[in-house]
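Chains, contacts and geometry: an overview
These are the residues of each chain, in order.
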Amino acid sequence: MLRLLYVDGIPVWRNIVVLRWVVQIFSAVLVLSAIGLFFVNVSREIEAREIPFGFSFLERAAQIPIGETIIPYDPSDTYLYGLVAAALNTLKASILGVILATLIGILVGVARLSPNWLLNRIALAYIEVFRNVPLLVQLLFWLFIVLSLPRVRDSYVLFDAFYLSNSGLYLPWPAAQEGFWPWAAATAIGIVIAVYVGKRLMQRETETGKKSYPILASIAIAVGIAAVALLVLAPMTLEIPKPEGRFARPQGGAQLGGSFTALLVGLVIYTSAFIAEIVRAGIQSVTKGQTEAARSLGLSTGLTLRHVTFPQALRVVIPPTISQYLNLTKNSSLAAAIGYQDLVSVANTMTQIAPAISLIAMVMLTYLAMSLTYSLIGNLYNRSIRFKGT
C-alpha cells in the first residue's frame, strides 16, 4: 500500500511531476466548471426573460437585400444562405486585403532601409501617417474620395474596358465555358512545373553565383502553359463592361462597389504600414556579418536580400505578420460603417426580425474560424521555415 504513495522512489506529495499534473487537472476542472456555470446561468436568464433564441429561423426566407455578393442571392433565399453570402463578402475583403497588404508591406519595408534618401523618407512618411491614423477615419476618408468621383454616366474610362465612378470600379472579367476544368488542370500542372524549375534555378544560382532569374522563369513557364491551354481549350471568354441603359451603367465583367473599394483600400494601406515595420525590423535583426559575407562572395544587393537576409528575417517576420492578418480580418467588420454589406452588417440587419443572440453567436464563430485558419496556415509555414534552417 505504501508503494502506491511513491513514484520513482519519491513520495507523491514531493514529486514535482505528480504535483504539476494535479495542479493542471484541478485548474482544468475549475475553468470548465466556471464556463459551464456561465452558460447554465445564461440559458436560465434567456428562458426567464423569454428572449428569442434558437436556429429554426435559418430555414425561413430572409427578405433582406444584399447589394454586392460573390454568389447569386435573392431576398427570397433563406437566412442561412444570406449569412453565407455575407460571410463570403467578408472573406473576399479579407483574402484580397491580406495578399495586397503583404505585397505593399514588403515593398515599403525594404524601401524603408534603402540608402536612397528620398525613397527612405517616402516610406517613413507612409508608415508613420497611415499606422497612426485610426482605421475608421481612414475608411471614411476613402469613402468620401470614392463618392467624390463622377457619376456612372460620366465615368473615367480606360481602354474602353475599365470604368471608374462613384459606383465603384468596373473591369473585364473571364467567364467560364465548357473547357474550364481541363484548362484549370493544365494550369495547375504548369504551376507545379514552374515551382520545380524555379527551385532548381535558384539552387543553381546559389551554388554557381550566376544569374538564372528563377522568379521570371517560373512566371514565364506558368503563364506560358496557361496561355497555350487557353488557346487550345478556349475555356473562357473575357467579358468587357459596356455602358447600357438610361444611366449608362456598365454591364458585364466584374464590379468592385464603391464601399468595397473604400474598405479594401483602407484595410490594405492601414495593415501594410504595420507589416512594413515588421519587415524592416526583421531585416535589421539579421547581423551585418551575414550581409558582409554574402557581398564578399560577389552577391549583388538583390541576391543578398533574396538568398541571405530575407530568408533569415522570415523567422522574425512571420509570427507578428500572422497577428496583422488576424487584425485585418477582424477590422473588416468596420465595413458596416461605410455601407458595405459584410457579415456583421447583414447580421445586424437580421437581428431586427430574428434572434439577436443566435445571430451574434454565429458571427463570432465565423470570425473565430477565419482567424484560426489564418493562424494555422501561418504557424505551419513558420514551422517549416524554422526547421529548414536547423
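These remarks concern the structure in this document.

Conventions used here
- Residues numbered from 1 in each chain as written.
- Predicted model: local features only at pLDDT ≥ 70, side-chain atom pairs only at ≥ 80, totals over all residues.
- Heavy atoms only, no water.
- Salt bridge = Lys/Arg side-chain N within 4 Å of Asp/Glu carboxyl O.
- Helix = DSSP H or I, 4+ residues; strand = E, 2+ residues; numbered from the N terminus.
- Buried < 20%, exposed > 50% of the residue type's maximum accessible area, 1.4 Å probe, protein only.
- Pairing = 2+ DSSP bridges.
- Axes fitted to C-alpha atoms, helices over the stretch in contact; angles between N-to-C directions.
- Contact = heavy atoms within 4.5 Å.
- Core = buried A, V, L, I, M, F, W, Y, C linked by side-chain atoms within 4.5 Å.
- Polar contact = N/O pair within 3.5 Å; in protein donor to acceptor, adjacent residues only side chain to side chain.

Remarks on the pattern of salt bridges
- For the structure shown, the criterion picks out three salt bridges.
- Ionic pairing is found between Arg-131 and Glu-277, a salt bridge with its closest N-O pair at 3.9 Å. Here Arg-131 is found in helix α3 (residues 117–132), whereas its partner Glu-277 is found in helix α7 (residues 258–284), with 146 residues between them in sequence.
- Residue classification places Arg-131 among the partly exposed residues on the basis of a relative accessible area of 26%.
- A relative accessible area of 15% places Glu-277 in the buried class.
- Glu-277 is the partner of Arg-280 in a salt bridge, and the nearest nitrogen-oxygen pair spans 3.0 Å. With Arg-280 and Glu-277 both in helix α7 and three residues apart, the pair spans about one turn of that helix. Each member of the pair, Arg-280 as well as Glu-277, is classed as buried.
- Each of Glu-128, Arg-131, Glu-277 and Arg-280 takes part in salt bridges that share partners, so that together they form one network.

Description of the sheet that holds strand β4 (residues 162–165)
- Spatially, four strands are ordered β3-β4-β5-β10 in an open sheet, and the strand pairing comes out antiparallel. If you trace the sheet from one side to the other, it starts and ends with β3 (156–158) and β10 (254–257), each paired once. Averaged over all adjacent pairs, the angle separating strand axes in this sheet is 15°, with direction ignored.
- When β3 meets β4, the two strands line up antiparallel, connected through three bridges. Counterpart to Val-157 in the pairing with β4 is Tyr-163.
- Sheet contacts for α7: β5 (168–171) and β10; angle to β10, the most-contacted strand, approximately 70°.

Some words on the environment of Asn-166
- Considering the arrangement of structural elements, one finds Asn-166 in the loop between β4 and β5.
- Along the primary structure Asn-166 and Gly-258 are separated by 92 residues, whereas in three dimensions their C-alpha atoms are 6.1 Å apart.
- Apart from residues lying up to four places away in sequence, Asn-166 is in contact with Val-146, Leu-147, Leu-149, Pro-150, Arg-151, Val-152 and Gly-258.

Here's the deal with the nonpolar core
- Formed by 41 residues in total, the largest nonpolar core has its most connected members in Val-108, Tyr-126, Ala-262, Leu-263, Val-279 and Ile-338.
- Mapped by element, the contributors of at least two residues to this core are α2 (79–112), α3, α4 (135–147), α7 and α9 (301–331).
- With 14 residues, α7 is the single largest residue contributor to this core.
- Among residues more than four places away in sequence, those in contact with Ile-338 are Leu-139, Leu-140, Leu-143, Ser-259, Ala-262 and Leu-263.

A short note on the side chain of Thr-329
- Along the chain, Thr-329 falls in helix α9.
- We classify Thr-329 as buried; its relative accessible area is 0%.
- Of note is the side chain of Thr-329, whose polar atom sits 3.1 Å from the side chain of Ser-94.

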